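Residues per chain, in single letters:
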Amino acid sequence: MTPVELASVRAKSSRDGRPPEPLTDHLVATRAAARQLSHRVGTLPCLDDGLRPLFWTAVELAALTHDGGKLPTGFQDMLAGRIRVWGERHEVLSLGFLPSLIHDPDLLRWVATAVATHHRPLYGEPGRDLMGLYGDCDVAELRKRIGPIPPRAVPELEEWFRHTAQAEGLPMADPPRAQLDTATLLETAYGLLGAVLEQWEERVAPDRGLTAVLLQGAVTLADHLSSAHGWLSLTQPLDGSFRTLLDRRFADQGRTLRPHQVRAETRRGHLLLRAPTGSGKTEAVLLWAATQVTDLAQETGGVPRVFFVLPYLSSINAMADRLQDLFQAPGTVGVAHSKAASYHLAASIAPEDGDETDQDNDPCRVDAATKAVSRAAATKLFHESVRVATPYQLLRAALAGPAHSGILIDAANSVFVLDELHVYDPQRLGCILASARLWERLGGRIAVVSATLPDVLSDLFTQTLTHPVHLVDAEGLDLPPRHRLRTRDHHLTDPSALTEIRSRLTRDASVLVVANNVAQALELFEELAPDVEERYGEGSALLLHSRFRRGDRNGIEQNIRDRFGTDLRNRRPGLLVATQCVEVSLDLDFDVLLTAAAPLEALLQRFGRVNRLAARLPADVIVHHPCWTTRRNAPGADYADGIYPREPVETAWQLLAAHADAVVDEANATAWLNHIYATTWGASWREEVRDYCEAFTRRLLTFRRPFDSRSELTAVFDELFDGTEAILANDRDAYADALAQASGQPKAGRLLADEYLIPMPYWAGRLSGYDKKLQVRIIDGDYDPQLGLRAVRGPAQSTYHPGEVL
């Protein structure tokens, strides 16, 4: 039972339709979330020896006591709206309760550290860090700044802490002879804050630093869960029962497991899986993942999470749909990327939704948006045990601190599947490999999956990790050939190429044309589309690149799937002109490909959109001679169509030209990739990846100063992995109307308004203005729903035109 004065103390103000939350309710919920997290994560392998046996005890004690400092009248007045800002840090006062509750001095220091750092850094962010706020403060000044505290609430809360902890089996010191009073609370808080600041002022050993960040992550995650009234799933569909589920699914389809799938299932530890398209590599890696989950659950006592890490949003969404369908258990698969709520919104709105209402004022859409926001928020709180994510979402753990350390604790004792590693540039790939080494240190098991895995990638992966890596190669499969290679000595935009494309279209073929930049894609589409639509009807010619409004692109992608998908019953002739965004995003099946020259990895992905199911004779994949141009920011260097460096493209072109007119498969491709990476360029590329890997580790993954602010690195991460987005000036009113559509639900309104956003490269932010009221970038540009963004008007020296390097 909560004492009378303490019963009036609040932890949270009223919000989202919920009444104010009593302090003791929030603390109980946070402690419960911490224990649930311990059941989820299990025993950690990488902890500082001093905390190893007591890690989860420290987490629960910190979770129970972290908000004790919310007693002051000023804080309560702020929650009630009587004052706007209190201006002090409640976690500092929370420290004052700990010494009378925790007898073990080592345990006390760790719990105090977790309590002190659950909102702010200790150092490195002037005006916000605790050293800057309280380092020069004495007890008298602290007492003045904290202000009045209800005197009876202090001993009541101390006794409540003791009773609650003992009821939950947590260790407690013997009760002191005298009750804790306000003066002693302030003096003790002051002294313990000084000890915490001194403890973490200097660099520490890597194990100690990592332990500190994991502790911070566990406490902040528990706090966020309880604040959001969330919970963690303690079930894992990818466990020992998955083989039975897959066998049953295969039997219904008249299929049986292939040898490489069985071999993958038997491997324990890290995995390299090389399997051609159509061989069932996804099922193979799922069987491997189920084995690792079973092993880790037995070793750690937890519920291992499984992460599928892919580079593109569309491929992430497709994988999430596929897993959800396979598991037949709604809500078990999370989508973790910056547009996750949009994915859930698309899944929530059936085609017939809104048919009888004005879409702009459709309550069904508002309800769907509300549910989509809720679902995306659950994934941000790590609810699901299977998640499909971009590497960016996981790499943000390197930023640590209260905002990101929860990602790190959630990644411990987990299983990671890395697909399509070939698409990353050396810097991003180096960061991913460095993170894989950290995941291994945290007890994780990692698989790299590819249809064409060159030796250089397998070597980099194997050399980065400490434990052995098993190779499973899907050799000896009798798969029908899918492609016949052709080369042309002219460029894709040459009149001869246009003549050949038109000829193919007159044969009732589905034709894929892939350009290397937006300007050339637009040029080809505008030249070819009228004849195609005259022959095959409206909607038979489609254009896809990255500069469409989100809502328009969703519709275009659906039209592409409907017309050119892998369902043989629905395939129709027509034309798709696209840029690189088609490479690994959509499950498509064309009759023929005509493409600009590019690095071999990119070309292989483009080949994969043709004769995907090998249901026909080998289909032509036609590669056109590169056109070399320079970049504005790299004078003197040649690039294919201004996009790709010359050496890998030129080497690929020479290889392809030497094998023109041959039937090719993934085995050829792997050998060709090995040849390219054996060049001087390949050796330089390999060293560049290694350098980035080691630099990322040194700078961000040693955690030698775990509680220094890393806020200055957030922009670096955004530039490395994210672009930016903007709306057209002409769409400003429609965007504002969409925001207002979900009255009282700003996140749902924001999601509906997001349909007007257009992706832009990160550097293109300088071409836009920022609307503070709408909180969105605005550009003045030429836009067409079928053609996308054609130009952005800005300062003369920085005006963007389609075709520039993005």
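Preceding this section is the structure that the text describes.
Going along each chain's sequence as written, the residues are numbered from 1 onward. Where local features are concerned, this predicted model is filtered to residues with pLDDT of at least 70; where side-chain atom pairs are given and counted, the filter is 80 or more; whole-chain, interface and lining totals use all residues. Hydrogen atoms and water are omitted, and side-chain values are computed over all heavy atoms in the structure.

**Section: the pairing of strand β11 (residues 510-514)**
Note on classification: 1.4 Å probe, protein chains only; a residue is buried when its accessible area is under 20% of the maximum for its type, exposed when over 50%, partly exposed between these limits. Only DSSP runs of H or I reaching four residues or more are called helices, and only runs of E reaching two or more are called strands; each is numbered from the N terminus. Counting buried residues along β11, five of its five residues qualify, which places the element largely inside the surrounding structure. In β11, alternate side chains face the same way, and those of Ser-510, Leu-512 and Val-514 on one face and Val-511 and Val-513 on the other are all buried. When DSSP finds at least two bridges between two strands, those strands are taken to pair. Looking at chain direction, β11 and strand β14 (residues 592-596) are connected through four bridges and run parallel. In the strand pairing of β14, Val-511 is matched with Val-592.

**Examining the sheet that holds strand β7 (residues 415-419)**
Strand order in this open sheet of seven strands is β5-β6-β4-β7-β8-β3-β9, and the pairing throughout is parallel. Each having just a single partner strand, β5 (333-336) and β9 (469-473) make up the two edges of the open sheet. Averaged over all pairs of adjacent strands, the angle between their axes in this sheet comes to 15 degrees, without regard to strand direction. Note that strand β3 (residues 270-274) and β9 share five bridges and pair parallel. Looking at β9, one finds that His-270 is bridged to Val-469. Axes, fitted as lines to C-alpha atoms, cover a helix only where it is in contact. Angles between the N-to-C directions of the axes lie from 0 to 180 degrees.

**Comments concerning the nonpolar core**
In this structure, Phe-55, Leu-71, Ile-409 and Leu-576 are the most contacted members of the largest nonpolar core, which totals 200 residues. Of all the elements, helix α10 (residues 206-227) adds the most residues to this core, at 10 residues. Between two residues, a contact is recorded if the distance between any of their heavy atoms is within 4.5 Å. For Leu-71, the contacting residues outside a window of four places in its chain are Leu-6, Val-9, Leu-23, Gln-76, Phe-97, Ile-149, Pro-150, Ala-153, Val-154 and Leu-157. In these notes, a set of buried Ala, Val, Leu, Ile, Met, Phe, Trp, Tyr and Cys residues joined through side-chain atoms within 4.5 Å is what counts as a nonpolar core. Core analysis: the second largest hydrophobic core is formed by 37 residues, Val-306, Phe-327, Val-449 and Val-472 among them.

**What about unusual backbone geometry?**
In this structure, Asn-611 is a non-glycine residue whose phi angle is positive, near 50 degrees. Positionally, Asn-611 belongs in the loop between α24 (600-607) and β15 (619-624). Using a relative accessible area of 0% as the deciding quantity, one classes Asn-611 as buried. The residue Gln-775 is not glycine, and still its phi comes out positive at about 55 degrees.

**Brief notes about the pairing of strand β16 (residues 628-631)**
Relative to strand β17 (residues 634-640), β16 runs antiparallel, the two being bridged by three bridges. Looking across to β17, one finds that Thr-629 is bridged to Tyr-639. The hairpin turn running from β16 into β17, its antiparallel successor, is two residues long.

**Focus: helix α3 (residues 73-80)**
Along α3, the residues classified as buried are Gly-74, Phe-75, Gln-76 and Asp-77. Contacts made by the buried residues of α3 are with β1 (10-12) and α4 (90-94). Once α3 ends, the next one or two residues include Gly-81, with phi positive near 85 degrees.

**Thoughts on the packing of helix α2 (residues 55-65) against α10**
Each packed pair of helices is defined by two parameters, the angle between the axes and the distance between the axes. α10 packs onto α2 with a crossing angle of 45 degrees between their chain directions and a minimal axis gap of 9 Å. Taken together, the axes of α2 and α10 lie oblique to each other. As α2 runs across α10, the sense of the crossing is right-handed. On α10, the residues touching Phe-55, Trp-56, Ala-58, Val-59 and Ala-62 of α2 are Thr-211, Leu-214, Leu-215, Ala-218 and Val-219. An angle below 35 degrees is treated as roughly parallel, one above 145 as roughly antiparallel, one from 65 to 115 as roughly perpendicular, and anything else as oblique. Here a crossing is taken to be left-handed if its near helix is turned anticlockwise relative to the far helix by less than a right angle, and right-handed if that turn runs clockwise.

**Some thoughts on the state of the cysteines**
By convention in this document, the label disulfide applies to cysteine sulfur atom pairs within 2.5 Å. In this structure the tally under the stated criterion is zero disulfides. Between Cys-693, a free cysteine, and Cys-431, which holds the nearest cysteine sulfur, the sulfur-to-sulfur gap is 8.5 Å. Under the relative-accessibility criterion, Cys-693 is labelled buried at 3%.

None of the figures reported here should be taken as evidence of function without further support.
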